[in-house]
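Summary of structural features
Spelled out, the chains give:
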Amino acid sequence: MIKVEKLGKDFGHITAVYEVTIDVFAGNIFGLVGPDGAGKTTLLRVICGLIVPDRGQVLWAQAAGGQGKRGNGVVLGYMPQRFSLYGDLTVMENINFFGALYKLKRPVIRERADEILEMTGLLPFKDRLADNLSGGMKQKLALTCALVNRPALLVLDEPTYGVDPQSRKEFWRILYRLNKQGMTIIVSTPYMDEAELCTRVAFMNKGRVVAVDSPSRLKSNFPYQVLEVRVETRRAGPVGDVPPQSRGGDDFPYNRHIGLFSDLPGVVYVSLYGDKYRVVVEDGEAARRAMENRLAEKGINAGLYCTEINPTMEDVFIALAEKGVE
Ligand SMILES: Nc1ncnc2c1ncn2[C@@H]1O[C@H](COP(=O)(O)OP(=O)(O)OP(=O)(O)O)[C@@H](O)[C@H]1O
């Protein structure tokens, strides 16, 4: 549906987006996934025509339904990151306002609003002031306003940021329903569990897209092994067997081996989950030997228990980020 080609955007001396090239296919839920400051909002704003890129372009395919001028006939709905509705207007008044901006007639707005509010579960709250809605409901109202123009392409900027887990699930259920009805969706998110729900994902880091593919292919093409590692100290003592120089920070003693393992050759990164380490490595067996040797070198009398586990989207993203784009 759209092709983003070598797109770049600077804000003064800050480059928010470098040369980004992605294809968004009609019918997809396309995820733009990355941490704060990765450049997701900037890229989405350029796609929506709200800001002009400094380099590259966004090419639009033939209209995918609906009417309107933007993007070669593709009607767009945009839900910005920050709540941008009127808190002192009711749910219905906000929808009427947006409908009017799209030059829709009142009966049309009413009919569409009822349909979308039913879907989002907001129908009983039509007359409630937006300020008095919960965080999740506010996001649903913002979605309703973005949908009132029946867009063929819905662009959502971190729609579930800071929303409770139950509301996040409901929100995604609605996105799936819309997608089933034929709507193409581009959604940005910092959450890896949401990345799993997309048809295709572009991982963004520091203004660059570092990988684009389906979640399953991103994981199956992961070039490393993931080890779950437990280090069990054999002799008990007030601080175990870890020499003082390798003791960790606030969460000592559980993070104490991160520093011991992370600089070993073939180790991509080490992180701590509960009392186990997740160690991403080039070669599982070689890494296990290297970790054992490191413990021995440091005079740490401990058993090392490694299990190979499947990579998650988070592993894929962290490894790509660690491998480094500066
Ligand atoms: N209008 C602006 N003026 C100056 N710098 C900006 C502007 N908009 C974005 N930036 C900078 O560009 C970079 C990318 O920001 P952007 O908002 O696109 O990232 P993001 O991935 O959406 O993160 P976030 O969730 O924090 O918004 C950041 O360093 C940000 O400070």
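Counting restarts for each chain, with residues numbered from 1 along the sequence as it is written. Where totals are concerned, whole chains, interfaces and linings use all residues; where local detail is concerned, this predicted model gives features only for residues with pLDDT of at least 70, and gives and counts side-chain atom pairs only at 80 or more. The basis for every side-chain value is the complete set of heavy atoms in the structure, and neither hydrogens nor water enter the calculation.

Further remarks concern the packing of aromatic side chains. Here the aromatic set is Phe, Tyr and Trp, taking the six-membered ring for Trp, and pairing holds for ring centres within 6.5 Å; pairs whose planes are under 30 degrees apart are stacked, those over 60 apart are edge-to-face, and all others are tilted. Summed over all chains, the structure comprises six aromatic pairs. Plain terms: the ring middles of Phe203 and Phe317 are 5.1 Å apart, the flat faces sit at 55° to each other, and that makes the pair tilted. A residue pair is termed long-range when its members are at least 10 positions apart, and Phe203 in strand β8 (residues 200-205) and Phe317 in helix α11 (residues 313-324) qualify at 114 residues. Taken together through their ring pairs, the aromatic side chains of Tyr86, Phe97 and Phe98 make up a single cluster. For a ring to carry a charge above it, either NZ of a lysine or CZ of an arginine must fall within 6 Å of the ring centroid while also lying within 35 degrees of the normal to the ring plane. Here the guanidinium or amino end of Arg208 rests over the ring plane of Tyr18, the centre of that ring lying 3.9 Å away. It is Arg278 that lies over the ring of Tyr273; its NZ or CZ is 5.6 Å from the centre. Only DSSP runs of H or I reaching four residues or more are called helices, and only runs of E reaching two or more are called strands; each is numbered from the N terminus.

Lining the immediate surroundings of the ligand are Phe11, Ala16, Pro35, Asp36, Gly37, Ala38, Gly39, Lys40, Thr41, Thr42, Gln81 and Glu158. Note that an oxygen atom of the ligand is positioned 3.2 Å from one of the side-chain N or O atoms of Gln81. Protein burial of the ligand: of its 620 Å² of free accessible surface, 63% is covered by the chains. The element contributing the most residues to the shell around the ligand is helix α1 (residues 40-47), with three residues. In this classification, Asp, Glu, Lys and Arg are treated as charged, Ala, Val, Leu, Ile, Met, Phe, Trp, Tyr, Cys and Pro as nonpolar, and every other residue, Gly included, as polar. Residues of the shell around the ligand, tallied by class, amount to four nonpolar, five polar and three charged. If a single non-hydrogen atom of a residue is within 4 Å of a molecule or strand, that residue counts as near it. For this analysis, a polar contact is any N or O atom pair within 3.5 Å, provided that within protein one partner can donate a hydrogen and the other can accept it, and provided that sequence-adjacent residues contribute only side-chain to side-chain pairs. What sets the accessible areas is the Shrake-Rupley method with a 1.4 Å probe; for residues, cover comes only from the shown protein chains.

Here we take up a negative patch on the surface. Patches draw on residues past 30% relative accessible area with no salt bridge. Two like charges within 9 Å are joined, as are two nonpolar side chains (Val, Leu, Ile, Met, Phe, Trp, Tyr) within 5 Å. We define a salt bridge as a contact between a side-chain nitrogen of Lys or Arg and a carboxyl oxygen of Asp or Glu at a distance within 4 Å. A residue counts as positive if it is Lys or Arg and as negative if it is Asp or Glu; His and the chain ends are not included. The atom standing in for a charge is NZ when the residue is Lys, CZ when it is Arg, CG when it is Asp and CD when it is Glu. Taken together, the side chains of Asp88, Glu93, Asp127 and Asp131 present a region of like negative charge at the surface. Locating Asp131 in the fold gives a position in the loop between α4 (106-120) and α5 (135-147).

Take α5 next. For α5, spanning 13 residues, the distance from its first C-alpha to its last is 19 Å, which sits close to the expected 18 Å at 1.5 Å a residue. Per-residue accessibility, obtained with a 1.4 Å probe over protein chains only, is compared with the maximum for each type, and a residue is labelled buried under 20%, exposed over 50%, and partly exposed between these values. Of all 13 residues in α5, eleven are buried, a share of seventy percent or more. Among all positions in α5, only Gly136, Met137, Gln139, Lys140, Leu141, Ala142, Leu143, Thr144, Cys145, Ala146 and Leu147 are buried. A helix is expected to reach a length of 1.5 Å times the quantity of its residues less one.

Attention now moves to the confidence of the model for the protein chain. As a per-residue measure, pLDDT tells how confident the predictor is, with possible values from 0 to 100. On average, the protein chain scores 85 in pLDDT, and the residues at 70 or more come to 88%. Whether two residues touch is decided by their heavy atoms; if any such pair falls within 4.5 Å, the residues are in contact. Low pLDDT, under 50, characterises residues 63-69; the predicted model gives this stretch 15 contacts beyond four residues in sequence or across chains.

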